[in-house]
Amino acid sequence: MKRILIIEDDQVIVEVEKDYLEASGFEVDLATSGDLGLKKAVEEEYDLIILDLMLPNTDGFEICRKVRQAKNIPILMVSAKREEIDKIRGLGLGADDYITKPFSVGELVARVKAHLARYDRLMTDNFARQKDEIRNRGIRIDKVSRKVFVNEMEIPFTSKEFDLLLFLAIHPNRVFRKDELFEKIWGLDSMGDHATVTVFIGKLREKIETNPSKPQYIETIWGVGYRFNG
């Protein structure tokens, strides 16, 4: 069940919003002052925040700014202030929406559902991208397009160079012997030419390391093999 925090000092409004949201299947928590609302928003876990602009102690602008520094959940700012500058300021501080009072509670619920659905899609897309990509400091390896980016600049890789880098990157901090790498990447047994691995490691370093003679990513473990530092 999605958890929603309402930060609102008007008791009548907050109870109506709470009733409608709970009837729509949400779990609702309340805070009637800015200080309490900020404490709850930062310290507890919510899926969305409905934030009034005019609050005692700490106003909605300040709460929005501090919450956005800590979390990336949707924030719906509500206010009786109709000036465009207030809306611009609220959205500029990280609010996802700005609703002017008076408004229908049905509209509020619809917006809550829309923002939660959009946020869920965003998180799903981000997770999918993470599965299709490997990121390590300044390196990004796109497994789908088989492209490598160093500091967001695409670096050309041959097929075998990409395969070797990808294999090392998906097994960070693990040491592989040359014969293991030769077998995994070239598909041959340990009787193969292990000098090939050494040559290809050198090529990878030339492409991804700032200083290939002092590698930060692909480390040589003397007498054993190579390790990709995660």
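Residues numbered from 1 in each chain as written. Predicted model: local features only at pLDDT ≥ 70, side-chain atom pairs only at ≥ 80, totals over all residues. Heavy atoms only, no water.

> Honestly, the packing of helix α2 (residues 34-43) against helix α3 (residues 60-70) in this entry has me stumped. Any pointers?
The axes of two packed helices give the description: the angle between them and the distance between them. Following both chains from N to C, one finds α2 and α3 inclined at 15°, their axes separated by 10 Å at the closest point. Taken together, the axis directions place α2 and α3 in an arrangement best described as roughly parallel. As for the relative orientation of α2 and α3, their crossing is right-handed in sense. Taken together, the residues of α3 that come into contact with α2 (itself represented by Gly34, Leu38, Ala41 and Val42) are Ile63, Lys66 and Val67. Among the residues forming the contact of α2 with α3, the class breakdown is five nonpolar, one polar and one charged. (Axes fitted to C-alpha atoms, helices over the stretch in contact; angles between N-to-C directions. Helix = DSSP H or I, 4+ residues; strand = E, 2+ residues; numbered from the N terminus. Parallel < 35°, antiparallel > 145°, perpendicular 65-115°, else oblique. Left-handed = near helix turned anticlockwise from the far one by under 90°. Contact = heavy atoms within 4.5 Å. Nonpolar A, V, L, I, M, F, W, Y, C, P; charged D, E, K, R; others polar.)

> Hey, could you run me through helix α1 (residues 11-23) in this one?
Residues separated by three or four positions in an α-helix point in the same direction, a consequence of the helix having 3.6 residues per turn. With 13 residues, α1 should reach 18 Å at 1.5 Å per residue; the first-to-last C-alpha distance of 18 Å fits that figure. Of all the positions in α1, only Val14, Glu17, Lys18 and Leu21 are classed as buried. Axial view of α1: buried residues confined to an arc of 105°, hence all on one face. Exposed positions of α1 whose direction lies more than 90 degrees from the buried face are Val12 and Ala23. For α1, the side-chain oxygen to backbone nitrogen distance between the N-cap and Val12 is 3.0 Å, and the N-cap itself is Asp10. (Expected span 1.5 Å × (residues − 1). Buried < 20%, exposed > 50% of the residue type's maximum accessible area, 1.4 Å probe, protein only. Arc of directions from axis to C-beta. Polar contact = N/O pair within 3.5 Å; in protein donor to acceptor, adjacent residues only side chain to side chain.)

> I would appreciate a short explanation of a nonpolar patch on the surface in the present structure.
A cluster of nonpolar residues, Val12, Val16 and Tyr20, forms a patch on the protein surface that exposes about 280 Å² of accessible area. Assignment of secondary structure puts Val12 in helix α1. (Patch = residues over 30% accessible without salt bridge, like charges linked within 9 Å, V, L, I, M, F, W, Y side chains within 5 Å. Areas by Shrake-Rupley, 256 points an atom, 1.4 Å probe, with all protein chains shown as cover. Salt bridge = Lys/Arg side-chain N within 4 Å of Asp/Glu carboxyl O.)

> Would you take a moment to explain the pairing of strand β8 (residues 147-150) for this structure?
As defined by bridge partners, strand β7 (residues 139-142) adjoins β8 across four bridges and the pair is classed as antiparallel. The partner of Asp142 across the bridge, within β8, is Lys147. As paired strands, β8 and strand β9 (residues 153-155) are joined by three bridges and run antiparallel to one another. Bridge pairing in β9 places Phe149 opposite Glu154. In textbook terms, the turn of a hairpin is the stretch between consecutive antiparallel strands, and for β8 and β9 this stretch comprises two residues, one of which, Asn151, has a positive phi near 55°. (Pairing = 2+ DSSP bridges.)

> Got a minute to help me understand the nonpolar core in this structure?
A general feature of soluble globular proteins is that nonpolar side chains tend to end up buried together. In this structure, Leu168 and Ile218 are the most contacted members of the largest nonpolar core, which totals 28 residues. The element best represented in this core is helix α6 (residues 159-169), accounting for seven residues. Leu5, Ile7, Leu38 and Leu55 belong to the second largest nonpolar core, which has 19 residues in total. (Core = buried A, V, L, I, M, F, W, Y, C linked by side-chain atoms within 4.5 Å.)

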